[in-house]
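Residue-level listing of the chains:
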Amino acid sequence: MFGKEFEQVEIIDHHLKGTIFYLVSGHGGPDPGAMGKIADNILCEDEYAYDITLRFGRELIRHGAKVYFIVRDPHDGIRNEPYLRSSNDEVCYPNKPTPLNQVQRLKQRVDAINVLFKSEKTSGYKRCIELHVDARSTKENIDLFFYYNPGNKEGERLAMTMRNAIDRKYQQKQPGRGYSGDVSTRSLYMLRNTLPTAVFIELGNINHYRDQQRLIIENNREALARWLCEGVIADHQKTN
Ligand SMILES: [Zn+2]
């Protein structure tokens, strides 16, 4: 799944032992999601969300988690190049073709997650996390921001804890930069209908220069995946 170079995954500690994650990268299949542009290169949301989702999941596994990748690309693993070639062959776990219709596509993903969730006997920490990249005008730098389902306390805590982890990281690595990403509620199909508590993350604006640097530079994608994982670990520690 991760591709040749990243295939081997070394378990570095057990902070997430017993936890289960259902990771969804937004769009995919016939739907590339939002599109941005750098010179002649077209950036497709689904490809960047997918690459960061793989890196994030791999990081969770390194800390002992069990991870299901709900959206899967049979050919693309983790990629290091800045401009990720667009493909439309993504499938839904375990190997179902992606429907063209948006409602059917989301329902297919929710069903896959809920079947997996019910099949797991443990009552431990289980979360669904969905990654997207937003599209707005080129003027708007949006940083990363988080949504949870209204009224879901676990979702609120996970979103807040992840947000604060990103904030801490920016303060450490780029003091004075400032980080304005926020947490809010939103009634989204994926947040409402998944049995595990879910959080929806927008990783940036695919049209804004600064947000684009987070996407196209391989090191930044990797760092982001690690920071997201640190946020998850911090949230999980609150349950013990
Ligand atoms: Zn999206």
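Before going into details, it helps to say that this report is about the structure given with it. (Residues numbered from 1 in each chain as written. Predicted model: local features only at pLDDT ≥ 70, side-chain atom pairs only at ≥ 80, totals over all residues. Heavy atoms only, no water.)

## Some thoughts on the coordination of the zinc ion
Ligation of the zinc ion by protein atoms is provided by His-27 (NE2), Glu-45 (OE) and His-132 (ND1), these donors lying 2.0 to 2.2 Å from the ion. Each donor residue of the zinc ion belongs to the same chain, with the gaps between them written as H-x17-E-x86-H. Taken together, the residues span a long stretch of sequence, with His-27 in the loop between β1 (20-25) and β2 (35-38) and His-132 in strand β8 (residues 126-134) at a distance of 105 residues. As far as burial versus exposure is concerned, His-27 and His-132 are alike and both buried. (Donors = N, O, S within 2.8 Å, 3.2 Å for Na, K, Ca; no water. Helix = DSSP H or I, 4+ residues; strand = E, 2+ residues; numbered from the N terminus. Buried < 20%, exposed > 50% of the residue type's maximum accessible area, 1.4 Å probe, protein only.)

## Some details on helix α3 (residues 153-173)
Taking 1.5 Å as the rise per residue, α3 with 21 residues should run 30 Å; its terminal C-alpha atoms sit 30 Å apart, in good agreement. Inspection of α3 places Gly-155, Leu-158, Ala-159, Thr-161, Met-162, Arg-163, Ala-165, Ile-166, Asp-167, Lys-169 and Tyr-170 among the buried residues, and these make up the whole buried set. N-capping of α3 is provided by Asn-152, with a side-chain oxygen placed 3.0 Å from the backbone N of Glu-154. (Expected span 1.5 Å × (residues − 1). Polar contact = N/O pair within 3.5 Å; in protein donor to acceptor, adjacent residues only side chain to side chain.)

## Re the state of the cysteines
Counted under the stated rule, the structure contains 0 disulfides. Cys-128 forms no disulfide, and the closest cysteine sulfur to it belongs to Cys-92, at a distance of 11 Å. Here Cys-229 stays free of any disulfide, with the sulfur of Cys-128 as its closest cysteine sulfur at 16 Å. (Disulfide = S-S within 2.5 Å.)

## Describing the sheet that holds strand β6 (residues 91-92)
With antiparallel pairing, 3 strands are arranged side by side in an open sheet as β5-β6-β7. In the strand order of this sheet, the two ends are held by β5 (71-72) and β7 (96-97), each with one partner. As judged from the 2 bridges shared by β6 and β7, these two strands associate in the antiparallel manner. If you follow Val-91 over to β7, its bridge partner there is Pro-97. (Pairing = 2+ DSSP bridges.)

## Here's the deal with the packing of aromatic side chains
Tallying each qualifying case throughout the model produces 9 aromatic pairs. Residues Tyr-22 and Tyr-68 carry aromatic rings whose centres are separated by 5.7 Å and whose planes lie at 10 degrees to one another, so their mutual orientation is stacked. With a gap of 46 residues between them, Tyr-22 in strand β1 and Tyr-68 in strand β4 (residues 66-69) connect regions that are remote in the sequence. Summarising the burial analysis for this pair, Tyr-22 and Tyr-68 share the class buried. Taking 5.7 Å as the distance between ring centres and 75 degrees as the angle between the ring planes, the aromatic pair formed by Tyr-68 and Tyr-93 counts as edge-to-face. Remark: Tyr-93 occurs in the loop between β6 and β7 and Tyr-68 occurs in strand β4; sequence separation between them is 25 residues. (Phe/Tyr/Trp six-rings, centres within 6.5 Å; stacked < 30°, edge-to-face > 60°.)

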